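# Descriptive analysis of the structure
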Amino acid sequence: MPLLAALASSSLAQAFQSQLLMAQFLLAEPDHFSLIERLLLVALIAVSAALFWKRFGVVVDKILKSRKDPGFHLFPIGKRIWDFFWEVLCQAKVIRERPLPGLAHAFVFWSFLAFALVTFNHVATGFGIGFLDPAGFFGRIYFYVAAIFALLCAVSIAGLFVRRFFVRPVWLARPALPGHEVSWESGVIAGLIFALMATYLASFFVTDASLAARMLWWSHTLVLLSFLPLVPHTKHLHLILSPVTIFLSRGSFSDIPPLSGDEDFGLVSGKDLTQLVSLQAYSCVECGRCTEHCPANNTGKILNPKEIVLGIRGYLNEYGPTAEELLLGKYNSQEAAFQCTTCGACEFQCPVGIEHVPIIVGLRRGATNTGEWDNEYGGKLFNALERNSNALGLSALERDKFIQKQELPIFDGTQEYCLWLGCMGGYDPKGREIVSSFVEVMRYLGANYGVLRKEKCTGDPARRLGNDLVFQQLAEANLEAMQTQKVKKIVSICPHCVRTIQTDWKEFGAPPEIEHHSEFLARHQAQLPHNKTEEKIVYHDPCYLGRYRNIYDEPRSVIESAGTLVEPERTRERSFCCGAGGGLAFLGEESGQRVSSVRAQELVATGATTIGAACPFCNTMFRDALAGQENSPRLLDIAQIAAAQLPQKELSS
């Protein structure tokens with residue numbers, strides 16, 4: 001019994017000490033403010049709000065005065081709500097693409113959410129109407145939770161400060177400024193955020209009746225009211241705008257908006273900037289993720305996706321959204337706009353919802369449709385598309401000869417599949433080899449297919465280079481032919497054709513269902529023979545198949561049935577472009593390093609004996625990059641790899 005009593009007494013003592021300790025660490029806020037203090041608080045809030053609106057109101061006005069986006073609609077609303085929840089509230093994209101700094105940024109963001117209620121209560125306390133009681137059950141728990149977030153926020157913002165100003169990754173800098181400088185405003189904001197957290201945490205170590213508590217309260221208040229006016233003057237404007245930007249995205253990846261009427265030529269001058277473009281320009285956080293992954297920037301070109309967006313912002317700041325001054329001039333160069341491969345790496349990486357590719361294509365449209373872009377190779381390409389209906393400029397007879405030689409059936413409306421050859425599959429010798437191998441697989445499976453007697457280019461290079469007239473002519477002609485032939489389902493070896501038919505043609509009609517041959521091959525894997533070897537095959541993800549359509553596993557399943565799959569350093573969503581997209585395959589030599597050479601060396605570095613591709617453009621770019629190299633790997637499309645598994649068929653490079 002004495003032992004039990006002693007234990008009970010000990011437990012009571014510990015409980016009492018615990019309660020005493022808890023009482024000592026309650027949030028301390030002054031319980032009374034004089035009339036002068038309240039009047040001063042009102043004045044400071046008014047000044048802070050006025051200074052905030054003085055700049056933020058200008059930004060909002062510029063966005064609202066920009067012209068409305070053609071074809072924009074809010075529905076379906078469900079996807080927008082999910083994107084907002086996942087990308088904004090969960091910070092999933094921020095963390096996924098840069099885990100450590102992303103998590104630090106997420107803690108700062110989540111702390112701001114946690115502090116929303118604390119801040120409202122803090123200001124209300126100054127007027128004697130505080131609604132969270134530090135000694136109450138809910139108030140105590142909430143203030144302690146906020147304290148945990150405050151500590152995480154303080155550590156995180158300190159880490160981000162060190163990273164930005166001392167580690168200084170090159171993509172965080174502004175190349176347009178002398179010395180690749182990092183904006184000093186970021187340091188000021190980081191200091192204010194740290195001070196906010198520090199003054200809050202310090203309030204747990206004083207009593208509410210002390211002078212220290214009052215000084216901490218006013219310190220916290222002054223930091224808060226100093227922070228607010230600075231936000232719209234810095235990149236931290238994204239705190240307000242980026243949630244709106246993400247919610248109001250165009251709805252699909254790199255979606256190029258339609259032109260509105262005959263007087264719309266694209267992004268020519270300020271009056272052509274739309275509300276979404278202006279909103280995105282002011283949402284840029286200058287994190288440089290787009291720059292870090294841009295194949296053009298990584299190979300010595302002048303294109304910097306971040307600078308494209310910030311150039312639009314600079315234009316808006318100086319000229320406004322109704323100006324006649326050309327967009328390609330002081331703030332953005334025509335050369336940079338036409339170096340983009342439209343791979344979409346920038347847009348995929350962007351944590352604040354900026355859609356770089358539609359903006360760049362819009363600038364190209366403005367230059368091409370008004371005749372400002374005068375490029376020898378571009379002119380030849382457009383002429384070839386208009387006269388011969390294919391990007392290679394060859395006679396349609398060449399395609400006919402290939403069809404006859406391969407004994408390809410003509411589509412008559414009764415077959416299940418229309419096999420779309422495309423420019424590369426119908427005219428390029430290596431592209432024809434890919435088609436021939438895929439046809440062998442289709443015949444082995446007994447698939448019912450046919451090819452169109454007459455087929456025009458989908459218009460992909462014209463679309464990406466900004467020639468809307470040529471693109472429209474090709475799209476409408478093809479849609480009419482498919483409707484006449486009663487095409488219901490298409491399969492193609494070219495991801496560019498798939499994307500253009502599936503998405504871009506919708507401006508002019510309802511295209512048939514289409515799939516890439518990797519999807520077809522993956523779906524029929526169980527019906528195909530497998531002769532797996534130990535041969536190492538490295539797979540290159542085409543941009544228009546991976547990022548644009550989220551097709552990653554299907555082509556890999558084909559490769560894994562034949563050999564051992566190996567991955568290059570940059571793979572799947574982070575795959576490095578081959579350099580052909582955006583019409584660049586037809587624009588002659590590029591400046592700096594060749595994108596295809598850089599990527600080819602990454603693939604060779606894996607030690608694989610075979611490079612597996614799933615796009616005829618990637619195939620032709622790597623073929624040129626590997627030419628002349630000793631002991632270079634074989635370059636095969638997945639259709640050729642699959643066909644090699646068929647009875648009595650050998651791989652041919």
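Every value quoted in this text rests on a predicted model; they were computed, and no experiment measured them. (Residues numbered from 1 in each chain as written. Predicted model: local features only at pLDDT ≥ 70, side-chain atom pairs only at ≥ 80, totals over all residues. Heavy atoms only, no water.)

### Some details on unusual backbone geometry
Put simply, phenylalanine 75 and proline 76 share a cis peptide bond, and its omega is 0 degrees. Within the secondary structure, proline 76 is located in the loop between α2 (35-65) and α3 (77-89). Even without a glycine there, the phi angle at glutamate 286 is positive, about 60 degrees. Along the chain, glutamate 286 falls in the loop between α10 (275-283) and α11 (289-293). (Helix = DSSP H or I, 4+ residues; strand = E, 2+ residues; numbered from the N terminus.)

### Things to note about the environment of glutamate 355
Turning to its location among the elements, glutamate 355 is positioned in the loop between α15 (345-349) and α16 (356-369). The exposure class assigned to glutamate 355 is buried, which follows from its relative accessible area of 4%. Taking the C-alpha atoms as reference, glutamate 355 lies 8.4 Å from arginine 250; in sequence the two are 105 residues apart. Filtering out sequence-adjacent residues up to four positions away, glutamate 355 remains in contact with Ser249, Arg250, Gly251, Ser252, Gln280 and Glu347. Side chain to side chain, glutamate 355 and arginine 250 meet in a polar contact 3.0 Å long. (Buried < 20%, exposed > 50% of the residue type's maximum accessible area, 1.4 Å probe, protein only. Contact = heavy atoms within 4.5 Å. Polar contact = N/O pair within 3.5 Å; in protein donor to acceptor, adjacent residues only side chain to side chain.)

### Points about the pattern of salt bridges
Opposite charge on two side chains makes pairing possible when the charged atoms of those side chains draw close. Considering all chains together, one arrives at 34 salt bridges under this definition. Between arginine 250 and aspartate 69 there is a salt bridge whose closest N-O contact spans 3.5 Å. You can see arginine 250 sitting in the loop between α9 (238-247) and α10 and its partner aspartate 69 sitting in the loop between α2 and α3, a full 181 residues away along the chain. Aspartate 69 matches arginine 250 in its accessibility class, with the two residues each being buried. Between arginine 464 and aspartate 460 there is a salt bridge, and its shortest N-O distance comes to 3.0 Å. Taken together, the residues arginine 464 and aspartate 460, both in helix α21 (residues 460-465) and four residues apart, mark about one turn of the helix. (Salt bridge = Lys/Arg side-chain N within 4 Å of Asp/Glu carboxyl O.)

### As for the packing of α2 against α10
Angle between the axes and distance between the axes: these two values describe a pair of packed helices. Where α2 contacts α10, the two axes come as close as 8 Å, and the packing angle between them is 150 degrees. When the axes of α2 and α10 are compared, the pair comes out roughly antiparallel. Of the residues in α10, those touching α2 at Arg55, Val59, Lys62, Ile63 and Leu64 are Gln275, Ser278, Leu279 and Tyr282. Considered class by class, the residues forming the contact of α2 with α10 number five nonpolar, two polar and two charged. (Axes fitted to C-alpha atoms, helices over the stretch in contact; angles between N-to-C directions. Parallel < 35°, antiparallel > 145°, perpendicular 65-115°, else oblique. Nonpolar A, V, L, I, M, F, W, Y, C, P; charged D, E, K, R; others polar.)

### Some words on the packing of aromatic side chains
Taken as a whole and assessed by the stated rule, the structure comprises 26 aromatic pairs. Between the aromatic rings of tyrosine 319 and tyrosine 331, the centroid separation amounts to 6.5 Å while the plane-to-plane angle is 80 degrees, which identifies the pairing as edge-to-face. Residue tyrosine 319 is located in the loop between α13 (305-318) and α14 (334-337), and its partner tyrosine 331 is located in the loop between α13 and α14; the two are separated by twelve residues in the primary sequence. Here tyrosine 319 falls in the partly exposed class, since its relative accessible area comes to 29%. Among the aromatic residues, those joined into a ring-pair cluster are Phe115, Tyr144, Tyr200 and Phe204. One Lys or Arg, lysine 93, reaches over the ring of phenylalanine 348 and ends 6.0 Å from the middle of that ring. (Phe/Tyr/Trp six-rings, centres within 6.5 Å; stacked < 30°, edge-to-face > 60°. Lys NZ or Arg CZ within 6 Å of the ring centre and 35° of its normal.)

### Details of helix α22 (residues 468-485)
If you check α22, its first and last C-alpha atoms are 25 Å apart, about what 18 residues at 1.5 Å a residue would give, namely 26 Å. Within the span of α22, buried status applies to Asp468, Val470, Phe471, Leu474, Ala475, Asn478, Leu479 and Met482. Along α22, the residues classed as buried sweep out an arc of 160 degrees about the axis, all on the same side. Those residues of α22 that are exposed and aimed more than 90 degrees away from the buried face are Leu469, Glu480, Gln483 and Thr484. (Expected span 1.5 Å × (residues − 1). Arc of directions from axis to C-beta.)

### A short note on the pairing of strand β8 (residues 634-637)
Examined bridge by bridge, strand β7 (residues 610-613) and β8 share four bridges and lie parallel to one another. Bridge pairing links threonine 610 to arginine 634 in β8. Each parallel crossover has a hand, and for β7 linked through helix α27 (residues 616-626) to β8 it is right-handed. (Pairing = 2+ DSSP bridges. Right-handed = clockwise from strand over helix to strand, strands pointing away.)

### Topic: helix α7 (residues 184-202)
If you check α7, its first and last C-alpha atoms are 27 Å apart, about what 19 residues at 1.5 Å a residue would give, namely 27 Å. Those residues of α7 not exposed but buried are Ser186, Gly187, Ile189, Ala190, Leu192, Ile193, Leu196, Met197, Thr199 and Tyr200. The inward-facing, buried residues of α7 abut α5 (99-126), α6 (137-167) and α8 (211-230).

### Description of the sheet that holds strand β3 (residues 489-492)
Spatial ordering of the open sheet is given by β2-β1-β3-β4, a layout of four strands whose pairing is parallel. In this open sheet, the two strands that pair with only one neighbour each are β2 (449-450) and β4 (513-516). Pairing analysis gives three bridges linking strand β1 (residues 417-420) to β3, with the strands arranged parallel. Across the sheet, leucine 419 pairs through a bridge with valine 491, a residue of β3. Across the sheet, helix α23 (residues 495-502) lies against β1, β3 and β4, angled at about 160 degrees from β4, the strand it touches most.

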